[in-house]
Amino acid sequence: MSMRKQSLLICLLTLVACICVGATERQSNADYHARRAALAKQMEGGTLVLFAPTEAEGPNNLYGFRQDDNFFYLTGWLEPGAALLINSNPYVEILFLAEHNVTQEKWTGPKLGPENPHAPQQTGFDKVESLDKMHDELLKLLPQPRATVYSDLGANGLTTASTGPLEWLRRGNSFPNYVSFKDAKPLIARLRTVKDAGELKMISRASDASVAAHLAALKAIHPGLNEREISALMQYEFGKRGCERPAYAPIVGSGFFSTVLHYSADDRTMQDGDLVVMDVGGEYSMYATDITRTAPVNGKFTARQREIYNIVLASQEAAMQAFQAGKSKIPTSRTDPDSLYKVAFDYINTHGKDLHGEPLGKYFIHGLGHHVGLNVHDANDSALPLDKGMVFTLEPGIYIPEEKLGVRIEDIFAVGQDGKLIMLSHGLPRTADEVEAAMKK
Ligand code: GLY
């Protein structure tokens, strides 16, 4: 093939690659660059080496390859088999891409190769190189007599996308013995704790699409319907609004299964008189949301169901009222006065009783919430109080198996720049009356 034809083909392949990945929104190259620069500052002279999973390692057999969260956070790169190098002093950043494998590209689609002259501009990296050059580029940068390499190290015998390639780099003494390894995850988790404007937009889109899915489910529920139909309907509704996959295994649990926290069989026929808990959220351009609503299958809460529902709702409202940016905390504690869990638990434990006259606190069997971002339980620095730019859930629940009665109400919140809570799952019914009204056909 002539040089001209070859470069025409490469341009065409690049164009097709751009169109193929176009469905997933990407933030500006400057946003990903800013994260790399911020990480470099934290490494204090260290060097990061991070590998994307290979196509075969991609963690999602059902939905196809999904990029590693940390790799995506720092690069915006969605393709498998790449590697990232960031040297903090002097600052150097290189994205390593695999050479073209024409046979494989017939199966997985055209890829951007390291030879493409537009690769730096397209990816936003100062330099894009062939993966084959990684070892040499790294050795050139490592300072002597001591160097620290940060990576995604496995713990307790667990492997990560980086542990295999790191082993390969170390093998055969090709890696100098003055290098020590440190886990990069805590440093990246600290950065991921606070979302930038682009991330907030993606989480809002995931939330809007999932709110629409919950509204459609509330309209569709009736006795005799299988839970799976509701799960399928919700996945369709958020999928048609741009979500690429569920953010976690959808939970649609009715009757006794409303009390089972991570019930995911979703295959029971819903009965008149049941409650159904729907904990379902989509993932939009890699970002999760997490929303739960509880509804009466026949469209009308019984007095007891309404009583428990109202207690759960009021405990969530109490936590929202108590929230103070820069002070409130999310981890489970019944003693820390800044703990929002304590606020919700105390409310639940001092309102209502079980069938034996006992307080209801013992039926609130999980934490009050968690950070949400690239992962539904997002990486974060748990030492930090909740503050501007953080995104998290508030999700109290009461689960009484003896009464086949489970209620969870879960909303997702961001902390605005004014320090106030913004409910990203707004637009869904909250009170028992609103839930019943939304179910009217
Ligand atoms: N809502 C699902 C979870 O938090 O795991």
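Residues numbered from 1 in each chain as written. Predicted model: local features only at pLDDT ≥ 70, side-chain atom pairs only at ≥ 80, totals over all residues. Heavy atoms only, no water.

So, about the packing of aromatic side chains. Taken as a whole and judged by the stated rule, the model has 8 aromatic pairs. For the ring pair F257 and Y263, a centre distance of 4.5 Å and an interplane angle of 20° mean the geometry is stacked. Note on F257: relative accessible area 29%, which makes it partly exposed. When the centroid spacing of 5.0 Å and the interplanar angle of 55° are considered together, the rings of F301 and Y309 count as tilted. We note that F301, like Y309, is buried. (Phe/Tyr/Trp six-rings, centres within 6.5 Å; stacked < 30°, edge-to-face > 60°. Buried < 20%, exposed > 50% of the residue type's maximum accessible area, 1.4 Å probe, protein only.)

Two measures define how a pair of helices packs: the angle their axes make with one another and the distance between the axes. Between helix α9 (residues 197-220) and helix α10 (residues 227-239), whose axes approach to 8 Å, the crossing angle comes to 145°. When the axes of α9 and α10 are compared, the crossing they make is right-handed. The segment α9 lies against α10, with A209, S210, A213, H214, A216, A217 and A220 engaging I230, L233, M234, E237 and F238. Class assignment of the residues belonging to the contact of α9 with α10 gives a composition of 9 nonpolar, 2 polar and 1 charged. (Axes fitted to C-alpha atoms, helices over the stretch in contact; angles between N-to-C directions. Helix = DSSP H or I, 4+ residues; strand = E, 2+ residues; numbered from the N terminus. Left-handed = near helix turned anticlockwise from the far one by under 90°. Contact = heavy atoms within 4.5 Å. Nonpolar A, V, L, I, M, F, W, Y, C, P; charged D, E, K, R; others polar.)

Here we come to the sheet that holds strand β16 (residues 411-415). On the basis of which strands lie adjacent, the open sheet formed by 3 strands has the order β13-β16-β17 and antiparallel pairing. Two strands bound the open sheet, and with one partner strand each, they are β13 (391-394) and β17 (421-423). Mean inter-strand twist for the sheet, computed between neighbouring axes without regard to direction, equals 40°. (Pairing = 2+ DSSP bridges.)

The subject of this paragraph is the site of the ligand. All residues adjacent to the ligand are Y248, H262, D279, D290, H370, H377 and E410. Here an oxygen atom of the ligand and a side-chain polar atom of H262 are 3.2 Å apart. At 3.3 Å from an oxygen atom of the ligand is found a side-chain nitrogen or oxygen belonging to H370. Protein coverage of the free-state accessible area of the ligand, which is 200 Å², stands at 92%. Its residues placed into classes, the shell around the ligand shows 1 nonpolar, 3 polar and 3 charged. (Near = heavy atom within 4 Å. Polar contact = N/O pair within 3.5 Å; in protein donor to acceptor, adjacent residues only side chain to side chain. Areas by Shrake-Rupley, 256 points an atom, 1.4 Å probe, with all protein chains shown as cover.)

Interaxial distance between helix α2 (residues 29-43) and helix α8 (residues 185-192) falls to 10 Å at its minimum, and their mutual angle equals 130°. One finds that α2 runs oblique with respect to α8. Taken as a pair, α2 and α8 cross one another with a handedness that is right-handed. Between α2 and α8, the residues in contact are R35, A38, L39, Q42 and M43 and L187, I188, R190 and L191, respectively. Classifying every residue of the contact of α2 with α8 by side-chain character gives 6 nonpolar, 1 polar and 2 charged. (Parallel < 35°, antiparallel > 145°, perpendicular 65-115°, else oblique.)

To continue, consider the side chain of Q305. As for its placement among the helices and strands, Q305 is situated in helix α11 (residues 303-322). You can call Q305 buried: its relative accessible area is 7%. Reaching out from Q305, the side chain makes a polar contact with the backbone nitrogen of T302 at a distance of 3.0 Å. With sequence-adjacent residues up to four places away left out, Q305 is seen in contact with G273, D274, L275, P296, K300 and L405.

This part is about the sheet that holds strand β10 (residues 282-284). Pairing is antiparallel in the open sheet, where 3 strands are placed in the order β7-β10-β11. Looking at strand neighbours, the two that pair on one side only are β7 (245-246) and β11 (287-288), the edges of this open sheet. Inspection of the sheet shows β7 paired to β10 by 2 bridges, in the antiparallel sense. What sits directly across from P246, in β10, is G282.

Applying the stated rule across the entire model yields 36 salt bridges. E436 is paired through a salt bridge with K300; the nearest N and O atoms lie 3.3 Å apart. In this pair, E436 is assigned in helix α13 (residues 432-439) and K300 in the loop between β12 (292-296) and α11, connecting sequence segments 136 residues apart. Exposure remark for E436: the relative accessible area of 8% places this residue in the buried category. Note that R430 and E317 form a salt bridge whose closest N and O atoms lie 3.1 Å from each other. Taken together, the residues span a long stretch of sequence, with R430 in the loop between β17 and α13 and E317 in helix α11 at a distance of 113 residues. R430 sits in the buried class, given a relative accessible area of 13%. Within the structure, one salt-bridge network assembled from shared partners comprises R66, D69, R192, K195, E244, R245, E283 and D378. (Salt bridge = Lys/Arg side-chain N within 4 Å of Asp/Glu carboxyl O.)

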